[in-house]
Amino acid sequence: MEIKVADGGVLRNYKWKPPEAGLPKLNIDAAVVKGCTYVGVGAVVRDHCGCSYDETSGQFWSVHC
């Protein structure tokens, strides 16, 4: 699994690293847009094969950016 991330205007590639066999891995990400009153968040739990156990996403309101 390869992810492209904008880092200070530079697009970088990051490769997902799996956990040890038998252990879950929690990945969390968030996005903020300047001037908005909310933050978008997402989370996913995967095993060492990359199979998803659970995932969720949502918004937090009244955030001052």
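None of the values given here were measured: they were computed from a predicted structure. (Residues numbered from 1 in each chain as written. Predicted model: local features only at pLDDT ≥ 70, side-chain atom pairs only at ≥ 80, totals over all residues. Heavy atoms only, no water.)

Peer 1: Just to check I follow, could you spell out the sheet that holds strand S4 (residues 38-46) for this structure?
Peer 2: Strand pairing in a sheet takes place through backbone hydrogen bonds and is either antiparallel or parallel in direction. Taken in spatial order, the three strands line up as S3-S4-S5 in an open sheet, and their pairing is antiparallel. Edge positions in the sheet fall to strand S3 (25-32) and strand S5 (52-61), since each of these pairs with one other strand and no more. Adjacent strand axes in the sheet meet at a mean angle of 15 degrees, parallel and antiparallel pairs treated alike. Relative to S5, S4 runs antiparallel, the two being bridged by nine bridges. The residue bridging Val-39 from the neighbouring strand is Phe-60, located in S5. (Pairing = 2+ DSSP bridges. Helix = DSSP H or I, 4+ residues; strand = E, 2+ residues; numbered from the N terminus. Axes fitted to C-alpha atoms, helices over the stretch in contact; angles between N-to-C directions.)

Peer 1: Would you mind going over the environment of Glu-20 with me for this structure?
Peer 2: Topologically, Glu-20 is positioned in the loop between strand S2 (10-15) and S3. Note on Glu-20: relative accessible area 62%, which makes it exposed. A C-alpha to C-alpha distance of 9.6 Å links Glu-20 and Cys-49, two positions 29 residues apart in sequence. (Buried < 20%, exposed > 50% of the residue type's maximum accessible area, 1.4 Å probe, protein only.)

Peer 1: What am I meant to see in the side chain of Arg-46 here?
Peer 2: Relative to the assigned elements, Arg-46 resides in strand S4. Although buried, Arg-46 forms no salt bridge, and the nearest oppositely charged side chain, Glu-55, lies 5.2 Å from it. In terms of polar contacts, Arg-46 uses its side chain to reach the backbone carbonyl oxygen of Gly-50, at 2.7 Å. (Lys, Arg positive; Asp, Glu negative; His and termini not counted. Salt bridge = Lys/Arg side-chain N within 4 Å of Asp/Glu carboxyl O. Polar contact = N/O pair within 3.5 Å; in protein donor to acceptor, adjacent residues only side chain to side chain.)

Peer 1: Is there a simple way to explain the pairing of S4 in this structure?
Peer 2: Sheet faces and side chains relate simply in a regular strand, where the side chains alternate between the two faces. Where S3 lies against S4, eight bridges are found, and the strand directions are antiparallel. Residue pairing across strands places Ile-28 opposite Ala-43, the latter belonging to S4. Between the end of S3 and the start of S4, which pair antiparallel, lie five residues, with Gly-35 showing a positive phi angle near 95 degrees. Hairpin connection of S4 to S5: five residues between the antiparallel strands, including Gly-50 at a positive phi of 95 degrees.

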